[in-house]
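# Per-entry structural report
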Amino acid sequence: MGAVAKYFSDVYRALATAFVGLGVTGRNAFTKPTTLEYPDQRWTLPDRYRGILHNRIEDCIGCLACARACPVDCIHIEISKRDKEEYGLTSDGTKITQWIPRFDIDMALCMVCGLCTEVCPTCCLTMTKEYELAVTDKRRMYLEFATERDKEMVRKKMAEKEAAAAAPPATQE
């Protein structure tokens, strides 16, 4: 093949591939887009989507069922028994007999299986529809839900116990 014939062959192939590309562009120019303009638009997620864990701590009874069900031990709970006059009620009327000075979830460990939410008797532990899980600092994936009131009550009880233990024994006369 001569140089002139090769030149025209290359021009023909370049024009043919250009028209194929323009054809694809033309077909997609008038179809509905399959992408979203994130973050202005958000995906509509299915009802059973599992995102970040959230605890409505005011309804938690401290039964530890969620921590026992977790296969990776990412839920850390400390409880302390309440006195009978300190009992509270959840929003559904379940009796709260524990102070919960610590209810932490390490989302960096969580495998988003949802087993902890299935066993919660008061349905206070739920999975949100939040799907933006990326953070720049790993410490932000450690979620703390305990209230200052519960922490303060447990500290107060511990101080009372220590004071009682340190007090001199009563003498019998």
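Residues numbered from 1 in each chain as written. Predicted model: local features only at pLDDT ≥ 70, side-chain atom pairs only at ≥ 80, totals over all residues. Heavy atoms only, no water.

Our focus in this paragraph is the nonpolar core. If you look at the biggest cluster of nonpolar residues, it comprises 19 residues, and the most contacted ones within it are Leu-53, Cys-66, Ile-75, Phe-103, Ile-105 and Leu-125. Those elements that place two or more of their residues in this core are β2 (75-81), β5 (98-106) and β6 (125-127). Of the residues forming this core, the biggest block, 3 residues, is contributed by β5. Discounting residues that sit within four places of it in the chain, Ile-75 has contacts with Cys-66, Ala-67, Cys-70, Phe-103, Asp-104, Ile-105, Cys-116 and Leu-125. (Core = buried A, V, L, I, M, F, W, Y, C linked by side-chain atoms within 4.5 Å. Buried < 20%, exposed > 50% of the residue type's maximum accessible area, 1.4 Å probe, protein only. Helix = DSSP H or I, 4+ residues; strand = E, 2+ residues; numbered from the N terminus. Contact = heavy atoms within 4.5 Å.)

Our next topic: empty space enclosed by the protein. A complete count under the given rule lists 2 cavities of 30 Å³ or more for this structure. Approximately 90 Å³ is the volume found for the largest cavity. For the largest cavity, the lining is made up of 14 residues, of which Cys-60, Cys-63, Leu-64, Cys-66 and Cys-120 are closest to its centre. Grouping the amino acids of the lining of the largest cavity by side-chain chemistry returns 12 nonpolar, 2 polar and no charged. Lining the second largest cavity we find Leu-53, Cys-70, Pro-71, Val-72, Cys-74, Cys-110, Met-111, Val-112, Cys-113, Gly-114, Cys-116 and Met-127. (1 Å grid on protein atoms, 1.4 Å probe; cavity = no way out; pocket = protein on both sides within 12 Å on 5 of 7 lines; lining within 4 Å. Points joined across faces, edges and corners; volume = space filled by probe spheres on them. Nonpolar A, V, L, I, M, F, W, Y, C, P; charged D, E, K, R; others polar.)

So, on to the pattern of salt bridges. Per the stated rule, a full pass over the model turns up 10 salt bridges. When the shortest N-O distance is used, the salt bridge between Asp-59 and Arg-56 registers 3.0 Å. With its nearest N and O atoms 2.9 Å apart, the salt bridge here joins Arg-102 to Asp-104. Look at Arg-102 and you get partly exposed, because its relative accessible area is 27%. A cluster of three or more residues bridged by salt bridges with shared partners is formed by Glu-78, Arg-102 and Asp-104. (Salt bridge = Lys/Arg side-chain N within 4 Å of Asp/Glu carboxyl O.)

All right, on to helix α1 (residues 3-29) then. Here α1 spans 39 Å end to end across 27 residues, near enough to the 39 Å set by a 1.5 Å rise per residue. A small share of α1 lies buried, amounting to 0 of its 27 residues. (Expected span 1.5 Å × (residues − 1).)

Our focus in this paragraph is the confidence of the model for the protein chain. In the predicted model, the protein chain carries a mean pLDDT of 91, and the fraction of residues at 70 or more is 98%. When the elements of the protein chain are averaged for pLDDT, helix α4 (residues 148-166) gives the smallest value, 89, and helix α2 (residues 65-69) the largest, 96. (pLDDT = per-residue confidence, 0-100.)

This part is about the packing of aromatic side chains. Across all of its chains, the model carries 2 aromatic pairs by this definition. Residues Tyr-7 and Phe-8 carry aromatic rings whose centres are separated by 5.3 Å and whose planes lie at 75 degrees to one another, so their mutual orientation is edge-to-face. We note that Tyr-7, like Phe-8, is exposed. Ring plane angle 75 degrees and centroid distance 6.2 Å describe the contact between Phe-103 and Phe-145, whose orientation is recorded as edge-to-face. Of the two residues, Phe-103 is situated in strand β5 and Phe-145 in the loop between β7 (142-144) and α4; the sequence distance between them amounts to 42 residues. Here Phe-145 falls in the buried class, since its relative accessible area comes to 14%. The ring centre of Trp-99 lies 3.8 Å from the NZ or CZ of Arg-82, which sits over that ring. (Phe/Tyr/Trp six-rings, centres within 6.5 Å; stacked < 30°, edge-to-face > 60°. Lys NZ or Arg CZ within 6 Å of the ring centre and 35° of its normal.)

Spatial strand order, β2-β5-β7: 3 strands in an open sheet with antiparallel pairing. Whereas interior strands pair on both sides, the edge strands pair on one side only; in this sheet they are β2 and β7. Across this sheet, the average inter-strand angle for adjacent strands is 10 degrees, counted without regard to direction. The pairing of β2 with β5 spans 6 bridges and is classified as antiparallel. Paired with Lys-81 across the strands is Gln-98, a residue of β5. Contacts from α4 reach β2 and β5 within the one sheet, and its direction differs from that of β5 by about 125 degrees. (Pairing = 2+ DSSP bridges. Axes fitted to C-alpha atoms, helices over the stretch in contact; angles between N-to-C directions.)

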